[in-house]
Structure formats: structure tokens, C-alpha cells
Amino acid sequence: YVGIAFLILLENVFPPIPSELILTFSGFLTTISNTNMWLASLSATVGSMAGAILLYATGRILPQRKILLFVEKNKRILHLKETDLKRSSDWMVRRGGSAVFLCRFIPVVRSLISIPAGASRMKMWKFLLYSLLGTAIWNTILIYLGALAGDNWQKITDYMNTYAYVIVAAAAVVFLLFIIRRFYKKKRRKS
């Protein structure tokens, strides 16, 4: 259980480590050992919450001016302005809880959502509540699927990888459309 919690903590802090693999394998372990599914889910949730709190604190501690200065220096590369950051911070304040909850189901973003939540000064109790709900659901479902799949637990990982690719592709399309839209807006302003 400590191993599950530790691996999920690492997955939160270093998003390229796939939680799908860790969780479905943990579910598989419940079928071949005396590992309890609910304790495995609890352990994964504890590890995930520890990682989320670390990233939330990072977002909270980093001074906004440093973030704004970084954006100002790299605005051409990032295609961001100070007003974009302020708008995103306002969005997080308005929709914070639901954004945190929903992002817990999206690969990579699942971990990184904690930083803007901290940077936007979302109340800690609210962040913890929505993170806990989303994380517990995600962990329990994947551990259950791993247990259900038994020896075929790796097939779940393959399906989840497909899910991850679809989400990343959709995000890339949205990002590309955003860049094209900004490009045409700039072009119109110049003419």
C-alpha cells in the first residue's frame, strides 16, 4: 500500500509516469494476492492527494510577478500576454472547483491543474474537496477495472492509452485553432 501511494505521488509530481499502468496493475494484484481493492484505492488516493498538495503549494508560493515576468519575456514563443494570465486566473476563481474535479480525469492535466489552482488562490478546502472527489473516483475505477481484467490488466492500460491519445489530440486541435484565431485577429488589426 505504501508502494502504491508512493508511485501515485510520483505520478502526480512527474506527469509522464502513467497512473493508468500503476492503478490497473494494483487492481490486478488484488486478484493474485491478499491486497484489498479498497485499501489499494485509499492508498492511491492518499498518494495522489499528497502530490496534488505539493503542486498546489508550488502554484501558491511562486510569486505572480515572476510568472508574469516569464510570460513577458517569452510572449512570442508562448503566445501569451499578461491579460491572458489574468483571465485564466479569473476563470479558475469562477469555475475552480468544477475545473479541478473534471481535470482529474484528463491525463497529464490531472496533475498540472493543481498549479493554477494554487496560483489563483483557490481556497485550500475547496481544492482538497474537488481533488479528493475526482481522484478517488479515478483511482477506484481503474483499480476495479484492473481487478476485473485479471491477467488481462494490461489491456485496460492499452485502452487508457488510447483515451489519453484522443484527449491529447483534441487538446492539440483546440490549441491549434486558438493560435490560428489569434493569428487572424492580429492580421485584421494590422490591416
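Relevant structure appears above.
Cut-offs used in this document
Residues numbered from 1 in each chain as written. Predicted model: local features only at pLDDT ≥ 70, side-chain atom pairs only at ≥ 80, totals over all residues. Heavy atoms only, no water. Phe/Tyr/Trp six-rings, centres within 6.5 Å; stacked < 30°, edge-to-face > 60°. Helix = DSSP H or I, 4+ residues; strand = E, 2+ residues; numbered from the N terminus. Buried < 20%, exposed > 50% of the residue type's maximum accessible area, 1.4 Å probe, protein only. Core = buried A, V, L, I, M, F, W, Y, C linked by side-chain atoms within 4.5 Å. Contact = heavy atoms within 4.5 Å. Expected span 1.5 Å × (residues − 1). Axes fitted to C-alpha atoms, helices over the stretch in contact; angles between N-to-C directions. Parallel < 35°, antiparallel > 145°, perpendicular 65-115°, else oblique. Left-handed = near helix turned anticlockwise from the far one by under 90°. Nonpolar A, V, L, I, M, F, W, Y, C, P; charged D, E, K, R; others polar. Patch = residues over 30% accessible without salt bridge, like charges linked within 9 Å, V, L, I, M, F, W, Y side chains within 5 Å. Areas by Shrake-Rupley, 256 points an atom, 1.4 Å probe, with all protein chains shown as cover. Salt bridge = Lys/Arg side-chain N within 4 Å of Asp/Glu carboxyl O. Lys, Arg positive; Asp, Glu negative; His and termini not counted. Charge placed at Lys NZ, Arg CZ, Asp CG, Glu CD.

### Some thoughts on the packing of aromatic side chains
For any pair of aromatic rings, geometry is given as the distance between the ring centres together with the angle between the planes.
And then number 1: Counting across every chain of the model gives one aromatic pair.
And then number 2: Here Tyr56 and Phe127 contribute two aromatic rings whose centre-to-centre distance is 4.5 Å and whose plane-to-plane angle is 25 degrees, an arrangement assigned as stacked. Of this pair, Tyr56 sits in helix 3 (residues 37-61) while Phe127 sits in helix 9 (residues 124-149), and the two are 71 residues apart along the sequence.
And then number 3: The buried category is assigned to Tyr56, whose relative accessible area is 4%.

### Points about the nonpolar core
And then number 1: Residues Ile4, Ile8, Ile22, Leu23, Met37, Ala40, Ala44, Phe105, Trp138, Leu142, Ile143 and Ala147 constitute the largest nonpolar core, which totals twelve residues.
And then number 2: Residue assignment for this core shows that the elements contributing at least two residues are helix 1 (2-13), helix 2 (19-32), helix 3 and helix 9.
And then number 3: When residues of this core are assigned to their parent elements, the largest contribution, four residues, is made by helix 9.
And then number 4: Among residues more than four places away in sequence, those in contact with Ala44 are Ile4, Ile8, Leu23, Asn139 and Ile143.
And then number 5: Residues Ala52, Cys103, Ile113 and Met122 belong to the second largest nonpolar core, which totals eight residues.

### Observations concerning helix 9
And then number 1: Taking 1.5 Å of rise per residue, the 26 residues of helix 9 would be expected to cover 38 Å, and the 37 Å separating its terminal C-alpha atoms lies within 8% of that figure.
And then number 2: What helix 9 keeps buried is the set Phe127, Ser131, Gly134, Thr135, Trp138, Asn139, Leu142, Ile143, Gly146 and Ala147.

### Quick look at the environment of Arg110
And then number 1: As for its placement among the helices and strands, Arg110 is situated in helix 7 (residues 109-112).
And then number 2: For Arg110, a relative accessible area of 5% puts it in the buried group.
And then number 3: The sequence separation of Arg110 and Gly134 amounts to 24 residues, and the corresponding C-alpha distance is 9.3 Å.

### Remarks on helix 2
And then number 1: Between the first and last C-alpha of helix 2 there are 20 Å, a value that for 14 residues agrees with the 20 Å anticipated at 1.5 Å per step.
And then number 2: Those residues of helix 2 that fall on the buried side of the exposure criterion are Ser19, Glu20, Ile22, Leu23, Thr24, Ser26, Gly27, Phe28 and Thr30.

### Looking at the packing of helix 2 against helix 9
And then number 1: Packing of helix 2 against helix 9 leaves a shortest axis separation of 6 Å and a crossing angle of 50 degrees. Taken together, helix 2 and helix 9 sit at an angle that is classed as oblique. Between helix 2 and helix 9 lies a crossing of right-handed hand. On the side of helix 2, the interface is formed by Ser19, Glu20, Leu23, Thr24, Ser26, Gly27, Phe28, Thr30 and Thr31, while helix 9 contributes Trp138, Asn139, Leu142, Ile143, Gly146 and Ala147.
And then number 2: Its residues assigned to classes, the contact of helix 2 with helix 9 comprises six nonpolar, eight polar and one charged.

### Details of the side chain of Ser41
And then number 1: Its location among the elements puts Ser41 in helix 3.
And then number 2: The contacts of Ser41, once residues within four sequence positions are left out, are Ala136, Asn139, Thr140 and Ile143.

### Some thoughts on a positive patch on the surface
And then number 1: Positive charge collects at one region of the surface, where Arg181, Lys185, Lys186, Arg188, Arg189 and Lys190 lie side by side.
And then number 2: Among the secondary structure elements, Lys186 is positioned in helix 10 (residues 153-190).

### A few points about the packing of helix 3 against helix 9
And then number 1: In the contact formed by helix 3 and helix 9, the axes pass within 8 Å of each other and the chain directions differ by 140 degrees. One way to sum up the angle between helix 3 and helix 9 is to call them oblique. The chirality of how helix 3 crosses helix 9 is right-handed. Counted together, Met37, Trp38, Ala40, Ser41, Ala44, Thr45, Ser48, Met49, Ala52, Ile53 and Tyr56 of helix 3 and Met124, Phe127, Leu128, Ser131, Leu132, Thr135, Ala136, Asn139, Thr140, Ile143, Tyr144 and Ala147 of helix 9 form the full contact between these two elements.
And then number 2: For the contact of helix 3 with helix 9, the class distribution of residues is 16 nonpolar, seven polar and no charged.

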